[in-house]
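Listed here are the chains, written in short residue letters.
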Number of protein chains: 2
Amino acid sequence: MFQANPTKQAAVTTTDKVFEQIQHAIVEGKIPSGSKISEPELAKRYQISRSTLREALNRLEKCHLIERKANIGSRVVDCTIEGLLELYITREALEGMACRQAALNISDDEINQMQAMLNTHGQTQELKDGVAYYQEEGDLDFHYKVILASHNKQLIDLICGQLYHLVRMYRCQFGMNSPRASRAFDEHSRILQAIAERDGELAEMLMRRHIAASRKNIENKIAQQKFTAV
Amino acid sequence: MFQANPTKQAAVTTTDKVFEQIQHAIVEGKIPSGSKISEPELAKRYQISRSTLREALNRLEKCHLIERKANIGSRVVDCTIEGLLELYITREALEGMACRQAALNISDDEINQMQAMLNTHGQTQELKDGVAYYQEEGDLDFHYKVILASHNKQLIDLICGQLYHLVRMYRCQFGMNSPRASRAFDEHSRILQAIAERDGELAEMLMRRHIAASRKNIENKIAQQKFTAV
DNA sequence: AGACGACACATTGTCGACAAATATTTTGTC
DNA sequence: GACAAAATATTTGTCGACAATGTGTCGTCT
């Protein structure tokens, strides 16, 4: 099954739990993007002391969900078009490399697992006619697996531990159920094929194109919106 | 002049100051890599309360200099060969992309600045005959400038705000004054040239080769050490 | 009327103490 | 003497209070 963050273990301390709650609230927009965070208010809301809340805020800052300024306070990061495009460019670099490393380091077991996962995706996708593949976490699921298969702790932590919270936030807030669904599935298949053939160079190139295509898709949408707005 | 972290503003709160002190201590190995961190002891050493220290520890965790486990404690990250190689692979991905973006987004002013900087490097480098270029922060300085020139906040924060503390740590602890000094200077020149010509693809490729060459240089050294050890 | 400064308020930063969890030592038994 | 379990000690997590900093308001002066 899909899990929000394959790198972290279960929440044990109260800070952990509050952190996860606030994290979801931010990702889903319940705490609106760009809004200022009041420590006393949040502490009261979650029935915890300010110290505990601040600890949680620190972790939120670590995944780039909030920004803090000394003696001034914290704000939820705001979702801008530029931010989204910058995020995709960063993903292209990191996931591309992760994909190359996956081709070098993946185990046979992992290959089989991913193949099975893609098969499942393929069936449900045929049924739902491609609408839901992106939206339901199937897409993220595949990307997660690739990243983990890189066996590179640095990459895994950077992407899964930090970037992907932002990715999910943008997806939620911008409501991105792209029409690229069925094409994305094909691209995933080819990427996995390259990985299975241990062709790192090709694997990286395909993953970069895959992400770049998403980015360009977004750019087009934006341009379109601008056009209809005028 | 070179500054430790071009993204952050001056330290204002006591947490900031203590954070910087401990950061330097870890980077320079005064607090040995892999050692456990005692909160009470460090708090006493720096004359601050534990809450303040924990705030500083949170930031250290953010730059991957320490690792924390719930209810167990913090350890300074330990410097391993694998960790170093993983770090270089991540740098290759991120700085390569930063270089490509720099070629697209750099301003003419920035180009001139970098050109001037390289000229300075070239002169001092001729004098010192290439020994010091890597060691003295000249190398990092160039890389910093490239990353900033990408004008991509995400990339800048990831590399300058997080990765580079680790890079400096490894450089300090493994004492890496590589014989690649004079070659590195040439490579920097060509990278800047590609950037100035707005050739993003070439710029990325050259930067990736530049970093990959460093990595392979390290790998060779390791292999050599193993050989002589046997 | 607009600008500057003093005051009051709210928010963030820092502190020391208590509670919970983990590590260590002691004790008892085989 | 070695192992297991209980008791102790240390460390981490959480709390509420105080200090320092920033913000807004009001009154006075030009």
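Counting from 1, residues in each chain are numbered in the order their sequence is written. For naming, the first written chain is A and the first written ligand is 1, with later ones following in the order written. Per-residue local features are limited, in this predicted model, to residues with pLDDT of at least 70; the limit for side-chain atom pairs, both in listing and counting, is 80 or more; totals at the level of whole chains, interfaces and linings are taken over all residues. Side-chain calculation: all heavy atoms of the structure are included, whereas hydrogens and water are not.

(A) Region of interest: the relation of the copies chain A and chain B. Laying chain A over chain B is done by rotating through 180° and shifting 0.0 Å along the axis; what remains is an RMSD of 0.0 Å. Taken together, the turn and the small shift mark the pair as related by a two-fold rotation axis. Scanning chain A for the C-alpha nearest the rotation axis identifies A:Ala93, at a separation of 2.6 Å. Contacts: residue pairs with any heavy atoms within 4.5 Å of one another. Both copies present the same face, since 100% of the interface residues in chain A are matched by interface residues at the equivalent positions in chain B. Least-squares superposition of the copies uses the C-alpha atoms of those residues scoring a pLDDT of at least 70 in each of them.

(B) Examining the domain arrangement of chain A more closely. All names here are of chain A. Entries for chain A in the domain assignment read domain 1 (14-76) and domain 2 (81-225). For domain 1 and domain 2, the distance between their C-alpha centres works out to 29 Å. Taken residue by residue, the interface counts eleven residues in domain 1 and eight residues in domain 2. Values labelled buried area give the accessible surface lost by two parts on being combined, using a 1.4 Å probe and summing over both. With both chains or domains summed, domain 1 and domain 2 bury close to 830 Å², and 62% of this area falls on carbon and sulfur atoms. Contact with domain 2 buries area across many residues of domain 1, yet Val-27, Cys-63 and His-64 alone supply 49% of it, more than any other trio. In protein, a polar contact requires one atom able to donate a hydrogen and another able to accept it; more generally it is a pair of N or O atoms within 3.5 Å, and residues adjacent in sequence count only if both atoms are side-chain atoms. Put simply, domain 1 and domain 2 have two residue pairs in polar contact (both at pLDDT 80 or more) between them. Strands are runs of DSSP state E lasting at least two residues, helices are runs of H or I lasting at least four, and both sets are numbered from the N terminus onward. For the side of domain 1 that touches domain 2, the element with the highest residue contribution is helix H1 (residues 14-27), accounting for three residues. Throughout, the edges of the domains are those of an automatic or database domain assignment.

(C) Structural context of the sheet that holds strand S1 (residues 36-37) of chain B. Residue and element names in this part refer to chain B. With respect to topology, three strands assemble into an open sheet ordered S1-S3-S2, the strand pairing being antiparallel. The strands lining the two open edges of the sheet, one partner per strand, are S1 and strand S2 (66-69). Pairing between two strands is assigned when DSSP locates at least 2 bridges connecting them. Of the pairings in the sheet, the one linking S1 to strand S3 (residues 73-76) comprises two bridges and is antiparallel in character. Considered in S3, the bridge of Ile-37 is made with Ser-74.

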